[in-house]
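# Fold and geometry: a report
If you want the building blocks of each chain, they are given just below.
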Amino acid sequence: MDLVIQVVVVIIQIAAVLGVVLTHVAYLTYAERKILSDMQDRLGPMEVGPHGLLQPLADGLKLFFKEDIIPAGANKIIFSAAPILVLVPALIGFAVVPFGRDSLQIGPIEITPYITDINIGVLYVLAFASIGAYGILLGGWASNSKYALLGGLRSAAQVISYELPLGLALVGPILLSESLSMKTMTEAQGGGIWNWFVVAQPIAFVVYMICAIAETNRLPFDMPEAESELVAGFFTEYSGMRFSFFFLAEYANMILVSCIAVVAFLGGWQAPLPALEFIPPIVWFLVKVYFLLFFYIWLRATVPRLRFDQLMAFGWKIMLPVALVNVLLTSIIKYLLN
Amino acid sequence: MEEKQDSVTRLDHYGEDDFEFELVDGKPKKRVEDLLLNMGPQHPSTHGVLRIVLEMEGEVIVKATPYLGYLHRGVEKLAENSTYTQIIPLTDRLDYTSSMTNNYAFVRAVEKLLQVEIPERAEYIRTIVAEMQRLAGHLFWLGTQALDIGAMTVFFYTFREREVLLDLFEMICGARLTMSYYRVGGVDRDLSQEVVDRLYEFLKTFPEKVDEYNTLLETNRIWIGRTRDIAVISAEDAVSYGLTGPALRGSGVNYDIRKAEPYGVYDRVEWEVPLGKNGDTYDRYWIRVEEMRQSAKIIKQCLDQLPEGLIAVDLPTITYPPRDKVETDMESLIHHFMIATEGFDVPEGEVYCGTEGPKGELGFYIVSQGANKPYRMRIRPPSFIHMGAFEHMALGYMIADIVTIFGTYDIVMGECDR
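The paragraphs below set out a description of the structure included in this document. (Residues numbered from 1 in each chain as written. Chains lettered and ligands numbered in written order. Predicted model: local features only at pLDDT ≥ 70, side-chain atom pairs only at ≥ 80, totals over all residues. Heavy atoms only, no water.)

## As for the overall build of chain B
From N to C terminus, chain B includes 18 helices and 10 strands. Out of the 418 residues in chain B, the part that is buried amounts to 56%. Here the analysis covers contacts within chain B between residues at least 6 apart in sequence; of these, 68% occur between residues at least 24 apart. Put simply, chain B shows about 18100 Å² of open surface, and 52% of that area lies on carbon and sulfur atoms. (Helix = DSSP H or I, 4+ residues; strand = E, 2+ residues; numbered from the N terminus. Buried < 20%, exposed > 50% of the residue type's maximum accessible area, 1.4 Å probe, protein only. Contact = heavy atoms within 4.5 Å. Areas by Shrake-Rupley, 256 points an atom, 1.4 Å probe, with all protein chains shown as cover.)

## Looking at the overall build of chain A
What chain A contains, in helices and strands, is 12 helices and two strands. The helix and strand sequence of chain A, counted from the amino end, reads α-α-α-β-β-α-α-α-α-α-α-α-α-α. Relative to the globule expectation of 20 Å for 338 residues, the C-alpha radius of gyration of chain A, 21 Å, shows essentially globular dimensions. Based on the C-alpha atoms only, the size of chain A along its principal axes is roughly 60 × 50 × 45 Å. Counting all 338 residues of chain A, 51% fall into the buried class. Accessible area for chain A stands at about 15200 Å²; split by element, carbon and sulfur atoms hold 74% of it. Charge separation in chain A, taken as the distance between the mean sites of 18 positive and 23 negative side-chain charges, equals 6 Å. (Rg over C-alpha atoms; globule rule 2.2 N^0.38 Å. Lys, Arg positive; Asp, Glu negative; His and termini not counted. Charge placed at Lys NZ, Arg CZ, Asp CG, Glu CD.)

## A look at the packing of aromatic side chains
Residue and element names in this part refer to chain B. Per the stated rule, a full pass over the model turns up 25 aromatic pairs over all chains. Judged by centre distance (5.5 Å) and plane angle (45°), the rings of F140 and F159 are tilted. Of this pair, F140 sits in helix α5 (residues 120-149) while F159 sits in helix α6 (residues 152-173), placing them 19 residues apart in sequence. Ring centres 5.3 Å apart and planes at 70° place the aromatic pair W223 and Y285 in the edge-to-face group. Placement of W223 in helix α8 (residues 221-227) and of Y285 in helix α12 (residues 281-305) is noted, with a sequence separation of 62 residues between them. For the pair W223 and Y285, a shared accessibility class is recorded, and that class is buried. Members of the aromatic cluster, connected to one another through ring pairs, are Y104, Y181, Y182, Y263, Y266 and W271. The aromatic ring of Y67 is capped on one face by R51, whose charged end is 4.7 Å from the ring centroid. The ring centre of F384 lies 5.2 Å from the NZ or CZ of R418, which sits over that ring. (Phe/Tyr/Trp six-rings, centres within 6.5 Å; stacked < 30°, edge-to-face > 60°. Lys NZ or Arg CZ within 6 Å of the ring centre and 35° of its normal.)

## Considerations on the interface of chain A and chain B
Listed per partner, the contact involves 31 residues of chain A and 37 residues of chain B. Carbon and sulfur atoms make up 57% of the surface buried where chain A meets chain B, a total of about 2800 Å² over both sides. The interface formed by chain A and chain B includes two salt bridges. For R160(B), the salt bridge identified is with D41(A), shortest N-O distance 2.4 Å. (Buried area = accessible area lost by both parts, 1.4 Å probe. Salt bridge = Lys/Arg side-chain N within 4 Å of Asp/Glu carboxyl O.)

## Looking at helix α5 (residues 146-177) of chain A
Residues and elements named next belong to chain A. Between the first and last C-alpha of α5 there are 46 Å, a value that for 32 residues agrees with the 46 Å anticipated at 1.5 Å per step. The largest bend in α5 is about 25°, located at E163, with the proline P165 one to four residues further on. Along α5, 23 of the 32 residues are buried, which leaves the element largely enclosed by surrounding structure. Sitting at the head of α5, S145 places a side-chain oxygen 3.3 Å from the backbone nitrogen of Y147. E178, located one to two residues past α5, shows a positive phi value of around 55°. (Expected span 1.5 Å × (residues − 1). Bend = angle between axes of the 7 residues up to and from the residue. Polar contact = N/O pair within 3.5 Å; in protein donor to acceptor, adjacent residues only side chain to side chain.)

## A word on the sheet that holds strand β10 (residues 376-380) of chain B
All names here are of chain B. Spatial strand order, β8-β9-β10: three strands in an open sheet with antiparallel pairing. Edge positions in the open sheet fall to β8 (349-356) and β10, since each of these has one partner strand only. Between one strand axis and the next, the sheet turns through 10° on average, direction left out of account. One ladder, built from five bridges, connects strand β9 (residues 361-368) with β10; its direction is antiparallel. In the strand pairing of β10, I366 is matched with M377. (Pairing = 2+ DSSP bridges. Axes fitted to C-alpha atoms, helices over the stretch in contact; angles between N-to-C directions.)

## Looking at the pattern of salt bridges
Residue and element names in this part refer to chain B. Counted under the stated rule, the structure contains 37 salt bridges over all chains. One salt bridge connects E120 with R268, and the closest N-O pair in it is separated by 2.7 Å. Placement of the pair is E120 in helix α5 and R268 in the loop between α11 (257-260) and α12, with a sequence separation of 148 residues. Residue E120 is classed as partly exposed on the basis of its relative accessible area of 42%. Among the ionic contacts, a cluster of salt bridges with common partners joins E131, R134, R249, D256, R258, E291 and E356.

## Description of helix α12 (residues 308-337) of chain A
Residue and element names in this part refer to chain A. A rise of 1.5 Å per residue sets the reference length of α12, with its 30 residues, at 44 Å; its end C-alpha atoms lie 42 Å apart and thus fit the reference within 8%. At G315, α12 shows its largest kink, close to 30°. Three or more residues of α12 are buried, namely F308, Q310, L311, M312, G315, M319, L320, A323, N326, V327 and T330.

## Brief notes about the sheet that holds strand β3 (residues 35-39) of chain B
All names here are of chain B. Strand order in the open sheet formed by three strands is β3-β4-β5, with antiparallel pairing between adjacent strands. Both edges of this open sheet fall to β3 and β5 (60-67), since each of them pairs with a single strand only. Neighbour to neighbour, the strand axes of the sheet diverge by 20° on average, direction disregarded. Relative to β5, strand β4 (residues 51-57) runs antiparallel, the two sharing seven bridges. Across the sheet, residue E55 finds its bridge partner in β5, namely K63.

## What to know about the packing of α5(A) against helix α8 (residues 202-215) of chain A
All names here are of chain A. Two numbers describe how α5 lies on α8: the axes approach to 8 Å, and their chain directions differ by 150°. In terms of axis orientation, α5 runs roughly antiparallel to α8. Like other packed secondary-structure pairs, α5 and α8 cross with a definite hand, here left-handed. Between α5, through Q158, V159, Y162, E163, P165, L166, A169 and L170, and α8, the contact on the second element is made entirely by A204, V207, Y208, C211, A212, A214 and E215. For the contact of α5 with α8, the residue count by class is 12 nonpolar, one polar and two charged. (Parallel < 35°, antiparallel > 145°, perpendicular 65-115°, else oblique. Left-handed = near helix turned anticlockwise from the far one by under 90°. Nonpolar A, V, L, I, M, F, W, Y, C, P; charged D, E, K, R; others polar.)

## A short note on unusual backbone geometry
All names here are of chain A. Even without glycine at this site, E178 takes up a positive phi of about 55°. Relative to the helices and strands, E178 is located in the loop between α5 and α6 (182-187). On the basis of relative accessible area, E178 is assigned to the exposed category, the value being 59%.

## Here's the deal with the nonpolar core
Formed by 86 residues in total, the largest nonpolar core has its most connected members in F106(B), F169(B) and Y181(B). With 14 residues, α5(B) is the largest single contributor of residues to this core. Discounting chain neighbours no more than four positions away, the residues touching F169(B) are M100(B), V129(B), M132(B), Q133(B), A136(B), G174(B), A175(B) and M179(B). Judged by nonpolar contacts, the second largest core, of 84 residues, contains Y162(A), F234(A), A252(A) and M152(B). (Core = buried A, V, L, I, M, F, W, Y, C linked by side-chain atoms within 4.5 Å.)

## Overview of the packing of α8(A) against helix α11 (residues 281-302) of chain A
Residues and elements named next belong to chain A. Interaxial distance between α8 and α11 falls to 12 Å at its minimum, and their mutual angle equals 65°. Between α8 and α11, the angle falls in the class roughly perpendicular. Read as a crossing pair, α8 and α11 show a hand that is right-handed. Taken together, the residues of α11 that come into contact with α8 (itself represented by M209, A212 and I213) are L292, F295, Y296 and L299. Of the residues that constitute the contact of α8 with α11, the class distribution is seven nonpolar, no polar and no charged.

Spelled out as structure tokens, the structure:
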């Protein structure tokens, strides 16, 4: 009986997290359009609902009813599997993110503010993030289009180049908290803003943010889908729901990397000052995530796109050495302090 | 291979009999091919219906062949069957980002044949409007070039200012896209006081707006990385490929028709020709931005000096009678009707006349046999000439630079394909 209740509780948790994440994804597209248009002296979506608030819903419906086209000469199985291969890893990472502090107690049932807390949480997220690159690469290859192929190749190169410094940047917080679990990592940063790892690890934070933008294919690193030269990159040939899967995955990834950044560097659900702890932890968590998401959108409105070779040079010649030196310094200081 | 075109089936047959392998040491020799990529005519950033076939080694371009003519409408041939006045609206469709410049270039060529003296006020108005067109053209260029490189915000900022100019054009001539304002011997109608006031108002804030675009671009590391040393062309090459306008001045060649053979009132106002050093995309960007400032300066001075007087030459054989007389006076009505239907005869001769457009030297070559229609008209569009240097400028750069290189010439296919 206990087992059954546990399984039901976990399923409810999964459904709730999925629901919340997908709603956020939908409204992130809306927020992006609104923030961009505000920065660019225009209105953005205004027609569907008050201030265009129902626009994401309309977009979703439109995509759902669009014709699903598989181009001639495409490899059907891989072409159909690729969008799923991109979306699932993006969503699966949310399983280990601790959204809040307190568990909800209903009788004997305890509902935790995270789906699970595994002791290799960070590794788990990184591992699944790499699988997403396969979806992009295979989608680009299976489309039987040169633009998609070039987009897919670029993406593979880009993700491999930036995954290394991304992982190395996370080594800093791991060393400081002496844990790979996201929950322990958050708890290690309690007691005020000066205890957040961003203070002790500013270099790692900057490296992480830059690599996270590259991982999610956002400007200025949106090479794989550089629309000015590659039309739409690896999803040029996709339409309808399959296209929307790629689209959802991109925004879900944005939220995921922001969540990881918040957990690893910005204290997770911890309040910045002990005096502010009366505000629920989940609110703090969301505020920090929204701030990072706003930063991404802001960046998109500001900078042009890098060229592919510049991006690779930047990744290997600057990001990787900086991340390595940071890991080395952190380890030495940590050893000396002990 | 008579099987259905399915890649799975094709894969199964690889290495059997579909391909013949040359054997080297008992192993099949590796075949190396360059990737052939067809870009356009339907592509989001080929600036209209330009088609380029690229041969690439990885992402590096080893051969680039432009295919032109997708927007060919036979303007030159149509002109042979139209009176000189009817040709003016045809020229609107050449460089549609600044249509009135084309009008200007055409009417100047005809006036050169007719040898008419343009009234002072008309010359000032022509210069003002030509410089407004240059602003509109350069704003369009800056926005699209930045958008191609990924800086989308600049695009909306430049179009905000372009909108003000388009509103003014609407007040001047009634249209926003294919504007037709210049007439042989003058202009169509007078500038109203409201236009003058609003133009002053626009010029007051315009330099700040240019600074605003520059804060996003001028010192941006990514922008510099994407434009510096891209599509470099030396001064000698630029001259021998026949580049003109900002593309030529970017390489440091001081040639601007407005200075070399002044027309309009360019010799009566103070302005400078910005020159580049390296002949790269960044220099051409800088020159166009600087030209916008200079154009604003020219317009300001012209407005200050704007004299009273006629807006078209007082020559009844080529200009319409005043509008109010046409509605009351029978002779004037007949006169108007005759010019509108039959046009006017142009003395026999040949003429070439180049005008400095936003994109470069826009030339019209007209052969007249004394009739009311040209025997032959040939247009020298800067975009077409610039396409000749495309491969020279594109070789060795990467596919991402291709869109930068399209942009740096400021290509408009309407003009290129005519």
